[in-house]
Amino acid sequence: MKRRVRDIFFVGLLALSPSLAHSTGTISNADLQRFVAMWAGDYNNLTQSKAQESAGLASNDRNQPAQLFIRKVELPAFGPDAYYAEWRDANQATKVIRQRLYVFDIDPVENKLRLNLHIWPSDKPEFVARTSGAYLDARKLSGVTPADMAGLTGCDVYFDIADEKFSGAMKKGACAFPAPNGTPIYSWSQMKITATQFSYLDGWFNLDGTPFQRFAGVWYVFDKIN
């Protein structure tokens with residue numbers, strides 16, 4: 001039954017719980033290293049954005065044509081497997097869309113690979129400006145610690161393995177915060193990564209699980225180009 005549920009999950013029924021068991025037993029350090037090795041590279045979503053444009057679908061700030069750069073960085077305060085991610089507007093290369101730090105480890109209790117998500121603070125424009133472009137010059141991140149980040153808790157993404165595909169999700173309700181209008185909500189993100197593609201689906205939800213704001217009705221798909 002677990003195998004059947006896992007297989008259904010990977011063909012696209014995205015509402016399943018992220019608490020599925022790892023199908024091959026205990027997550028190992030070798031699993032972690034294979035997982036970590038997938039991330040670094042240059043990506044873009046031009047194939048998807050062009051297809052949406054051809055279909056007459058409008059873009060928003062999340063699925064506009066974008067480039068994504070992911071680089072391993074040496075930041076002792078975050079542990080040995082820290083990666084910096086920066087999204088830039090594909091039509092205006094100087095425009096930074098978002099920045100993240102992904103820190104990877106194994107959660108032995110959940111028996112899953114974990115992406116510890118660190119979010120840039122929206123209320124510190126000087127910090128954003130100073131660190132933008134760190135995928136080209138990692139020295140811009142020198143001295144950065146978790147205290148510099150937005151400070152949200154419960155926003156980690158937990159991954160299972162199916163062959164060479166890694167699929168994960170936040171725990172529903174865990175990444176909670178007030179919306180700009182003060183409404184208590186939570187963010188829920190799902191992610192998949194392979195050797196050639198990184199994709200994700202995210203949105204904000206009311207505490208009862210009903211949608212507060214969906215950023216798109218489909219997965220954002222970034223193809224690795226380098």
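A few points on the structure. Predicted, not measured: the structure shown is a model, and the values here were computed from it.

Reading the values: rules and limits
- Residues numbered from 1 in each chain as written.
- Predicted model: local features only at pLDDT ≥ 70, side-chain atom pairs only at ≥ 80, totals over all residues.
- Heavy atoms only, no water.
- Core = buried A, V, L, I, M, F, W, Y, C linked by side-chain atoms within 4.5 Å.
- Buried < 20%, exposed > 50% of the residue type's maximum accessible area, 1.4 Å probe, protein only.
- Helix = DSSP H or I, 4+ residues; strand = E, 2+ residues; numbered from the N terminus.
- Contact = heavy atoms within 4.5 Å.
- Pairing = 2+ DSSP bridges.
- Salt bridge = Lys/Arg side-chain N within 4 Å of Asp/Glu carboxyl O.

Before going further, it helps to examine the nonpolar core. Note that soluble globular proteins tend to have their nonpolar side chains buried in a common cluster. Among the nonpolar cores identified, the biggest contains 42 residues, and Trp39, Tyr102, Phe104, Leu115, Phe159, Met191 and Phe198 are the most heavily contacted of them. At five residues, the largest contribution of residues to this core is made by strand β9 (residues 184-193). Setting aside anything within four residues of it in sequence, one finds Phe104 in contact with Leu32, Phe35, Val36, Trp39, Asp81, Tyr83, Arg114, Leu115 and Asn116. The next biggest cluster of nonpolar side chains, apart from the first, holds 15 residues, and it includes Tyr84, Phe127, Tyr135 and Val144.

Our next topic: the pairing of strand β4 (residues 92-107). Note that strand β3 (residues 82-89) and β4 share eight bridges and pair antiparallel. The residue bridging Trp87 from the neighbouring strand is Arg98, located in β4. Connecting β3 to the antiparallel partner β4 that follows it, the hairpin turn spans two residues. One ladder, built from eight bridges, connects β4 with strand β5 (residues 112-119); its direction is antiparallel. In the sheet register, Asp105 faces β5, and the bridge partner there is Arg114.

This brings us to the pattern of salt bridges. A full pass over the atoms with the stated rule returns 10 salt bridges. The salt bridge partner of Arg114 is Asp105, with a shortest N-O separation of 2.9 Å. Judged by its relative accessible area of 18%, Arg114 is buried. By relative accessible area, Asp105 is classed as partly exposed at 24%.

Glycine aside, residues mostly have negative phi, and peptide bonds are mostly found in the trans state. At Asn111, a position not held by glycine, the phi torsion is positive, near 55°. Examined against the element boundaries, Asn111 turns out to sit in the loop between β4 and β5. Even without being a glycine, Asp163 presents a positive backbone phi close to 60°. Position of Asp163 relative to the elements: it lies in the loop between β6 (157-162) and β7 (165-170).

Read these as geometric descriptors, not functional statements.
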